[in-house]
Amino acid sequence: MEEPIYITGSGIISAIGNNKEEVLQSLLQEKSGVAEMRYLQSEHTELPVGEVKYSDQEMRDLLNLPADKPANRTSLMGTLALKETIAEAGLTEEELKSLTFISGTTVGGMDYTERCFLQMPEDDEALKVLATHDCGSTSLLQAEYFGMDTSKVMTTSTACSSAANAMIVGSNLIKTGQADIVIAGGSEAITKFHLNGFNTLMILDHEQCRPFDETRKGLNLGEGAAYVVLESAASVRRRGVKPLAVLLGYGNACDAFHQTASSPDGEGAYLAMEDALKMSGVSADSIQYVNAHGTGTPNNDSSESAALRRVFGDAMPLVSSTKSYTGHTTSASGTVEAVICMLALQHQFAPANLGWKNQMSDGITPTVGNPSCQLDYIMCNSFGFGGNDSSLIIGKYDESQLQLSDEMMQKRQLRKVYVRAISKHEPGTPITNLSDFIKPMEARRMCALLKSALVSSMTALREAGIECPDGIFVGTKFGMLSNSEKFLVQMCGEGEHTLSPTFFMQSTHNTIAGMLALRTKCHGYNITFTQGKKSLDCVLKDAAMQIALGKLDNALVGSHDESTQMFHDLLLKLTGEEAPVGESSVAMVLTADPTDALYEYELGK
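Residues numbered from 1 in each chain as written. Predicted model: local features only at pLDDT ≥ 70, side-chain atom pairs only at ≥ 80, totals over all residues. Heavy atoms only, no water.

Colleague: Quick rundown of helix α8 (residues 162-175)? Include the residues and the values.
Modeller: Between its first and last C-alpha, α8 extends 20 Å over 14 residues, near the 20 Å set by a 1.5 Å rise per residue. The buried fraction of α8 amounts to 14 of the 14 residues, a majority that puts the element mostly inside the structure. Looking one or two residues beyond α8, the residue adopting positive phi is Gly 177, at roughly 75°. (Helix = DSSP H or I, 4+ residues; strand = E, 2+ residues; numbered from the N terminus. Expected span 1.5 Å × (residues − 1). Buried < 20%, exposed > 50% of the residue type's maximum accessible area, 1.4 Å probe, protein only.)

Quick look at the structure:
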């Protein structure tokens, strides 16, 4: 058991409400927000989606944004959810300037990029969109609105577990004494890019999704944002606030099975849930409700059912997926559903698994809703592409927990962290030892950035004398830029009906971390950060925290990026900044053992 982290504020915007009260009423009334497409301008109007019920302009008006102030749909929704979060927590301007902000997203500003993509080379106005395309810039737009210190902004990008991982990182910052207050969560807009990407994988339902139903055919994409304020016991006392709930435990594990599919036995999900329970000190039979990842795809619901059975056996608690209300809000889903869990905890009800009628032959039986039930401990699951699986345990607040936190913090001893090996690959230089780590036939299916990341990472591990790292930490400024560009070229130039899944499957930012987990068979902690030039700093800090806290004995850390000729030319025209064409990678191995160390990494400096 570890010290709790206190949740003192929360906010949400989604397809079922523009704030917590509206979301609560929709849940109680079993009212879904999944409907015909209204705001997204896609050719696939046959696909139902869970859209936030505001246009971009309406959100700009609500936020009083000047016409010349850059924003995208992801940042607009995120800013609205943050307003509610900050207001409930009662944070002052000074507190906002000193706290850390961590946001999860994968699409970032893709909604505007895809509208302007073909015009960017010739149109200077269209080109301006590139400045806020990347995920890190989207988080900065939100932070700047509230006058936060932009040097304390971090962006997680682990696909559908991004927001949950933001909460995990924020909690560890508090436990290692690097922060007293953290705002954590995620925001994600529906874009044509990932709507079409999911559609090429044939996992979108043409009707309202039915998680855990025998007739399920796929998911409905949704959008939204949600954030929570995390605080230490000392901060709670100092500010004189009463927590809404406590984050008792969390787990982050990797399935290490496939880039887009989950394993039949749900190994990653099982490990994440077990780790969360162990940290919380709560037994499996004390969990009264599980908000499942439950996407409605045949693969996820079968795999998650297997994992839930491994954890709970025959004593299955109430389980439901709320994605049939909101749609799958992808990178935002971790906190969208965590806030829903907090509403359930506060009002003592279990949300219904809408649309469920037919028992899965190999699945759990979800609840059709319980309007009045005893809830003290809730589990919230978020599982993403790349095998990035995370689980949270949220419980009721009790004043006695503050004393417990004080005692635990006083006893905590942070371990020292050392860098044992470093390996680099520079743009324009050949990859000479690829065959040391991968067969030629397998290499043919990998893009250049994956090859660069693989060689630098495996070389560093070899130099450190480690075959399988305890955890994998990846930083990237722009992610899988080449594959994203190729998918955009196809979609914007040829339309939305002839797309191939190949480029989309390797376009998410966490593709590299997932590939490395597969290669090393690492089921441990796995995360990707994308915060511009600070991306490597973010992953080094997170890896060092995990080692310092005694969670890991070693970690594979890397920063991997690429630039295409098109991106180089556009960035040069926009900013005058060079982005050398090609791939660049730096990989490092961090350990708790000073033997053969190159130097000590000082956490917090």
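Colleague: Requested: an account of the domain arrangement of the chain, with residues and values cited.
Modeller: By domain assignment, the chain separates into domain 1 (5-411) and domain 2 (417-601). Distance from the C-alpha centre of domain 1 to the C-alpha centre of domain 2: 25 Å. In this assembly, 64 residues from domain 1 lie in contact with 51 residues from domain 2. Of all residues in domain 1, Phe 117, Phe 193 and Gln 259 bury the most surface against domain 2, accounting for 14% of the area lost on that side. The interface formed by domain 1 and domain 2 contains one salt bridge. The interface formed by domain 1 and domain 2 holds 20 residue pairs in polar contact (both at pLDDT 80 or more) in total. Residue assignment for the side of domain 1 that touches domain 2 shows that the elements contributing at least two residues are α5 (110-116), α6 (124-127), α7 (135-145), β3 (153-156), α8, α9 (192-200), β6 (245-254) and α11 (267-280). (Domains from an automatic or database assignment. Contact = heavy atoms within 4.5 Å. Buried area = accessible area lost by both parts, 1.4 Å probe. Salt bridge = Lys/Arg side-chain N within 4 Å of Asp/Glu carboxyl O. Polar contact = N/O pair within 3.5 Å; in protein donor to acceptor, adjacent residues only side chain to side chain.)

Colleague: Describe the packing of aromatic side chains, listing the residues and the values that go with them.
Modeller: Following the criterion strictly, the structure yields ten aromatic pairs and no others. Ring geometry for Tyr 6 against Tyr 397: centres 6.2 Å apart, planes inclined by 80°, an arrangement best described as edge-to-face. Residue Tyr 6 is found in strand β1 (residues 5-13), and its partner Tyr 397 is found in the loop between β10 (388-395) and α15 (400-411); the two are separated by 391 residues along the sequence. Seen from their ring centres, Phe 101 and Tyr 227 are 5.6 Å apart, and the 45° between their planes marks the pair as tilted. One end of the pair, Phe 101, is in strand β2 (residues 100-104); the other, Tyr 227, is in strand β5 (residues 224-231), and 126 residues separate them in sequence. The rings of Phe 193, Phe 198, Phe 385, Phe 487 and Phe 504 are connected pair by pair, giving a single aromatic cluster. Between Arg 73 and the ring centre of Tyr 39, over which it is positioned, the NZ or CZ distance is 5.2 Å. (Phe/Tyr/Trp six-rings, centres within 6.5 Å; stacked < 30°, edge-to-face > 60°. Lys NZ or Arg CZ within 6 Å of the ring centre and 35° of its normal.)

Colleague: Can you lay out the environment of Pro 580 for me, pointing to particular residues and giving the numbers?
Modeller: Examined against the element boundaries, Pro 580 turns out to sit in the loop between α22 (565-575) and β15 (582-591). Once the C-alpha coordinates of Pro 580 and Asp 314 are considered, the two residues, 266 residues apart in sequence, prove to be 57 Å apart. Residues contacting Pro 580, with those up to four places away along its chain left out, are Pro 427 and Ser 563.

Colleague: I'd like to hear about the side chain of Thr 520, residue by residue, with values.
Modeller: In this fold, Thr 520 is placed in helix α20 (residues 511-520). Non-local contacts of Thr 520, meaning those with residues more than four positions away in its chain, are made with Met 458, Leu 461, Glu 467, Cys 468, Pro 469 and Ile 472.

Colleague: Help me get a handle on the environment of Glu 3, residues and values and all.
Modeller: Here Glu 3 shows up in the segment before β1. Residue classification places Glu 3 among the buried positions, given a relative accessible area of 3%. Residues Glu 3 and Leu 354, 351 residues apart in the sequence, show an inter-C-alpha distance of 35 Å. Once residues lying within four places of it in the same chain are set aside, the contact partners of Glu 3 are Lys 175, Ser 405, Met 408, Met 409 and Arg 412. A polar side-chain atom of Glu 3 sits 2.9 Å from a polar atom in the side chain of Arg 412.

Colleague: Please set out the pairing of β3 residue by residue, giving values where relevant.
Modeller: Within a regular strand, side chains alternate between the sheet's two faces. Residues Val 153 and Thr 155 point to one face of β3 and Met 154 and Thr 156 to the other, with burial holding for every one of them. In this sheet, β3 lies alongside β2 in parallel orientation, the contact comprising four bridges. Note that in β3 the partner of Ile 102 across the bridge is Met 154. (Pairing = 2+ DSSP bridges.)

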